[in-house]
Structure formats: C-alpha cells, structure tokens
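The chain contents come next:
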Amino acid sequence: MNAIYSLFERWVDPFRKTDDLRPPGTTLRFLWHYAGQAKGPLLLALLASGLLPLVEAGLFYFTGRLVDILNQAPDRSWTTLIARAGPELIFMAVTVLFVRLVVTALGALVENQTIAPGFYNLIRWQANAHVLRQSYAFFQNDFAGRIATKVWQAGQAAGDFILTLIQVIWYMAVYSVTTLMLIGSLDWRLAAIVVVWIIVFGFIGRHYLPVIRRQAEEVSETGSMINGRIIDSYSNIQTIKLNTPDGDEAYLREGFDRFLGALLPFFRSLTGVRMALTALSGLMIVAVAALSIDLWTKGAMTVGEVSFTLGLVLRLNMMLHRLMMQLNGMLRELGLIENSMRLVAAPLGLEDRAGAKPLKVTKGAIKVDHVIFHYGKEGGVLDNISLSIKGGERVGLVGHSGAGKTTLINLILRLFDVEKGRILIDRQDIRDVTQVSLRQAFAVVSQETALLHRSLKDNILIARSDASEEDVLAAARQAEADEFIASLEDFKGRKAFEAFVGERGVKLSGGQRQRIAIARAILKNAPILILDEATSALDSEVEASIQENLHSLMEGKTVIAIAHRLSTIARLDRLVVMDHGRIVEEGTHEELLARGGIYAGLWARQSGGFIGREE
C-alpha cells in the first residue's frame, strides 16, 4: 500500500520550476496559472468526483428495488430471491462492495496524497519565490507578518477553492442531474418539483452570495491587518514592554474592533441564508412526499419507488444545504484568493532588465556617475553625487546622520534604482546585470544586524552554503566570535554552533550579533566589502582585535566603510565626507585635518576617537 501512496505523492512536485513565477492579476487566470501545472491530478479528481454521485444515487435506487423485490416475493427464502432476482442482487452487492470502494479510494488518493500536499505547496512555494524577488522597498512598506500570511493563505485558499469546486459543485451537479432523471422516469411532476426547488435555490444564492463574497473579502483584509499588528507587537516586545503602559492594547483593540466590524455582518448573512434554505427545503420535501403518496394511492408508484424517491429527495436536501455552506466557504476562499492575489501577483518593483548578464568583477572598480535619488520625492537625500573608487581602494564615508551615506550604499547594492545617473562596477551598469550576481560580488556588514531564527552555523553559512565546518570555525575565530559561541546553549539544549539565536537574533547581544555578521562576511570572501558601522556595537577591546582582522580581510578588496567612530576608518586610503546629500570633502585623514573643514570638526569633537590611530 505504501508503494501506491508514494506513487500519488510524487505525482506533483511542490518545488516545480517555472519560467514565470509571477501569477496573473485576475482571479480565473491566477487559479489557472497554478492549476495548469497539475492538470492530470485535477482531471482524475474530477472524474472520481463525477462517478461517486452516480454510485450514491444508485444506492437509493437499489434500496427501492430491494423493497419491491422483497414485497413481491411469494415466500421468504433465499432460494426464491436468488431465483427471481439473483443477477440483480449480485450486481448490487458488487457495486456496493467493490465499485464504490474503488471510486472512493481513487478520489481519496488523488485528493489526500497528490493535491493537498503537492498542489497546495506548489502554490505556496512559487508564490513565496516570487515575493522573495520583490524590491527592498516592498518589504519596508508592509508588515512582514501580513506578507507571510497572504503568501501562505494563497496556497490554502486556492487549493481549497479548486478542491471544493471538484468535490462539491461538480459532485452536486452530477447528483442533481441523476436525481432528475431517476425521479422524472417515475413521474414528470416529481421532476418539476425538483426543478422548481433548484431554481428557487439559485435565486436565494444570487441574492446572498455576492454580499457574502464582498463581506468575506473585507473579513480577509481586516484579518490580515490584525495578524500583522499582533506579529509586529510580538517582534518588538521589548519596545512594547518598556514604552506602552497598556501593552499596546489600544492599538490592537482598534484593530480587533475593525475586524469585528467586518465579521458580524458576514455572519448575519450566513444566518439569513441558512434560514431561507431551511424554509425552502421544508416546503419542497412536503410537496414531493405528498405527490408520491398520491401516486401510490392511484397505483402509479410502488412502495419501493416511494421509498427510493423520498430517499433521493432527502439526500438532495442535505446536499443543497451542504452546497450553500460550501458556496459560502468558497466565497470566503475567493475573497482570500483575491486578497492574497493583489500582493502575490504584484509586479516586481525592481527587476532584472531583459537580457541582463552576470556581473564580471575584474578589479572591483566602482563609479557613481551624477546620481540623483529622492525616494520618489521632489528633493533631498542624494543630489548629483559622483564618486570613483578604484579597484582595491579602501574608502571611508563620513558625515552626520542623514547625510545620505547608507542610501548611497543601498543604491550601489541596487536595493533601490537610481532616479537619474548611473552606477558602474568595472564599467558595467549595475542595471544591466542580474541582481543575484551583483550581490554575490559584495560582502556586507551593517550596523543593524538581524540574524535569522536558525542555528549560528546556518546564520554564517547563508553567505556560502558550500563551505565546510572548518571554514565556518575559521571565520568565527577571525571575527572573535568562537569563544562566546562555544558557551552558548538554547532552551532545547542545542549548544555552540547548533544553538538557535531567536527571532532576529534577540538571544545575542548587539556585539555578538555584529561578530556573527562579520564572520559571515569573512566566509563569503567577496571582492567588494561594505562595512556600515560594522563595529559600532562592540566594546573597545573587542573592536581593537577585530579591526586588525578586518584590515587583513580588506587586503586585495575594494572597500567602502561607513563609521561614526572616525578612528576606525582613519587608516583607509581615502575619506569621502558627505553632507545633505552631497560630497563636500575628499582626501586622506591628514589632508582633511589640515583642511579644517567638516571632517576636522568631527574629529576634534571625538578627541581623536575611541581607539588610537597608528601614527
């Protein structure tokens, strides 16, 4: 049996590669984008779901026939029954025992072993792969929790919607047609009642379902909002505890009020449709029963046919109620799909150009050519910046907070696109190369080091997944991180490099997180090194030790370093001073001190810095 399970489980590869990860932005095309990648399993599920109602209706027919066979038998013996209806009884038994089992098993296998694990996760995986390619600004402008919720619910809602369409809507359509044919063969008036029933059911659905669909989408949107707020509070729990007297209750309460404001009208609609359906079904069941009894009194129907008709109609009543509830669920899922689709199908804010080629780093020379960048605003940030850095040159960026240093770094890394001008690396415009190859050319240590909630080893290996354990240990040792790593143990008893660091690395101090980031940069060993306040969280003794290691790491590399502790960059080849989005001074440490400008003023206020500079 396990072999059969495995066969169906391997049918859809959830990690299937596709040339176009971005799904279309309309609902039907969005669904087909994913359903088209699993046509075989979905068609088989459709076939099994179509055969099952035929078997179900057959059971009621068999019940009626069995009543008539027993009622018409001259005596109560197996011999008489087999003589009068042996083949028919055998056919009933085979259908119930084997045909029904095969059809049910086929449907269960394709739904539970193929569609649920394979197809659902194919949607999630591809949606996640597309969202990960989004621009840096995309993630800055939304809650991480809200984005994650929508990516996950895209797979769940789309899979549930398609599966419900097959399991319920298609099943119900086949069952309804079968019921009409079987009942209509007894008397056209019975079929007419069923037709009227279905038509009125349709009118009720037409009235309620559009309202429910709109309300479901609003519930989904407000649900994503409150989920994002909760995750945001949990992610910043220290800030919440230290600064909000009510534990962020007011902000979360306002979100819950909005969620309930959308939820209550939705449930009112659900209650209304249930009451309307119950009233309709009661009227129709009584009408069918009365007509069937009337036909029996006139000899137009047998007892078995009355039993068979009432059984079919009662089953139809249950199915129609289930259908309406499932339609409600489908509309909720449709609301979730459309809500998720707007995020998942959003165009990439920053894409590789058509024909983009991998970056070829020969010297590591960087040229910033008349770059203007205002974050889409009218002015500010960077105004006509030009800067040339030779391959292997070590350059420090200096300036007051807000001068534009980090923004310039982000543009060089192409986390944002320049608004005017261009940036070249070894004479290649960074907009003409692939983003992956561009960022592989850089090792970056930033001031705000956020680690992944994984093991320390995984956090370092993310820079170079093929590195050996010896390489990881050597990088940690060079970053002065090996001693504190050796003493770590997490709440599950994992120790040293296997210990988990908590969300965003909260279980480590700022200095420890920074040393892990430095170890990561050492392991990556990229030709261009960017240090954005790389040692700001370290104490002076550790910083002095790491500075020596960093200087050895800089050998043969192009380096851009940002630091407010000027002593940490005073030995670099050249210092570039920025102020209000412009470059105002350039030169060596000695040249800038002699000039008596902004840099000299900053140096004087730091009294030579915290760490002595080699004279």
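Residues numbered from 1 in each chain as written. Predicted model: local features only at pLDDT ≥ 70, side-chain atom pairs only at ≥ 80, totals over all residues. Heavy atoms only, no water.

Going by an unreviewed UniProt entry, the protein carries the name ATP-binding cassette subfamily B multidrug efflux pump and comes from Phyllobacterium leguminum. What the UniProt record of the protein gives under Subcellular location (unreviewed entry) is the line "Cell membrane". Per UniProt, the protein carries the Sequence similarities (unreviewed entry) text "Belongs to the ABC transporter superfamily." (UniProt positions renumbered as here; feature names shortened; annotations may be inferred.)

Where strand β1 (residues 366-373) lies against strand β4 (residues 420-425), five bridges are found, and the strand directions are antiparallel. Along β4, the bridge assignment pairs V368 with I423. Judged from the two bridges that link them, β4 and strand β5 (residues 428-429) form a sheet pairing that is antiparallel. Opposite I425, over in β5, you have Q428 as the bridge partner. The turn linking β4 back onto β5 is made up of two residues, and D426 within it adopts a positive phi angle of 50 degrees. (Pairing = 2+ DSSP bridges. Helix = DSSP H or I, 4+ residues; strand = E, 2+ residues; numbered from the N terminus.)

Take the sheet that holds β4 next. As summarised here, the arrangement of the four strands in space is β2-β1-β4-β5, forming an open sheet in which the pairing is antiparallel. At either end of the open sheet lies a strand with only one pairing partner, and these are β2 (382-389) and β5. Lying on the sheet, helix α11 (residues 405-412) is in contact with β1, β2 and β4; it crosses β1 at an angle near 115 degrees. (Contact = heavy atoms within 4.5 Å. Axes fitted to C-alpha atoms, helices over the stretch in contact; angles between N-to-C directions.)

This part is about the packing of helix α1 (residues 2-9) against helix α4 (residues 78-132). Interhelical geometry of α1 versus α4 gives an angle of 60 degrees and a closest axis separation of 8 Å. When the axes of α1 and α4 are compared, the pair comes out oblique. In this structure, α1 crosses over α4, and the sense of that crossing is right-handed. Residues I4, Y5, F8 and E9 of α1 form the contact with α4, whose participating residues are L106, L109, V110, Q113 and T114. Residue classes in the contact of α1 with α4 are distributed as six nonpolar, two polar and one charged. (Parallel < 35°, antiparallel > 145°, perpendicular 65-115°, else oblique. Left-handed = near helix turned anticlockwise from the far one by under 90°. Nonpolar A, V, L, I, M, F, W, Y, C, P; charged D, E, K, R; others polar.)

Moving on, we come to the packing of aromatic side chains. Per the stated rule, a full pass over the model turns up seven aromatic pairs. Consider the rings of F30 and Y34, whose centres lie 5.4 Å apart with planes at 80 degrees: the pair is edge-to-face. Highlighted residues: F30 and Y34, both in helix α2 (residues 27-35), separated by four residues, approximately one helical turn. Classification of F30 as buried rests on a relative accessible area of 1%. Residue Y34 is classed as buried on the basis of its relative accessible area of 1%. In this structure, R124 packs its charged tip against the face of W152, placed 3.9 Å from the ring centre. If you follow R494 out to its NZ or CZ, it ends over the ring of F500, 3.9 Å from the centre. (Phe/Tyr/Trp six-rings, centres within 6.5 Å; stacked < 30°, edge-to-face > 60°. Buried < 20%, exposed > 50% of the residue type's maximum accessible area, 1.4 Å probe, protein only. Lys NZ or Arg CZ within 6 Å of the ring centre and 35° of its normal.)

Our focus in this paragraph is unusual backbone geometry. In this model, N384 sits at a positive phi of 55 degrees, which is unusual for a non-glycine residue. Inspection of the secondary structure assignment puts N384 in strand β2. A residue is classified by how much of its surface remains accessible, and N384, at 41% relative accessible area, is partly exposed. Even without being glycine, H580 reaches a positive phi, approximately 50 degrees. Considering the arrangement of structural elements, one finds H580 in the loop between β9 (574-579) and β10 (582-587).

Relative to the helices and strands, L310 resides in helix α10 (residues 303-344). The spatial distance from the C-alpha of L310 to the C-alpha of V286 is 9.9 Å, given a sequence separation of 24 residues.

In this section: the pattern of salt bridges. Under the counting rule described, the total for this entry stands at 16 salt bridges. Between R414 and D417 there is a salt bridge, with its nearest N and O atoms 2.8 Å apart. The buried category is assigned to R414, whose relative accessible area is 2%. Taking the relative accessible area as the measure of exposure, D417 reaches 27% and is therefore partly exposed. The partner of E498 in a salt bridge is K457, with the nearest N and O atoms 3.2 Å apart. In this pair, E498 sits in the loop between α15 (482-486) and α16 (510-524) while K457 sits in helix α13 (residues 456-461), placing the two residues 41 residues apart along the sequence. By relative accessible area, K457 is classed as buried at 17%. (Salt bridge = Lys/Arg side-chain N within 4 Å of Asp/Glu carboxyl O.)

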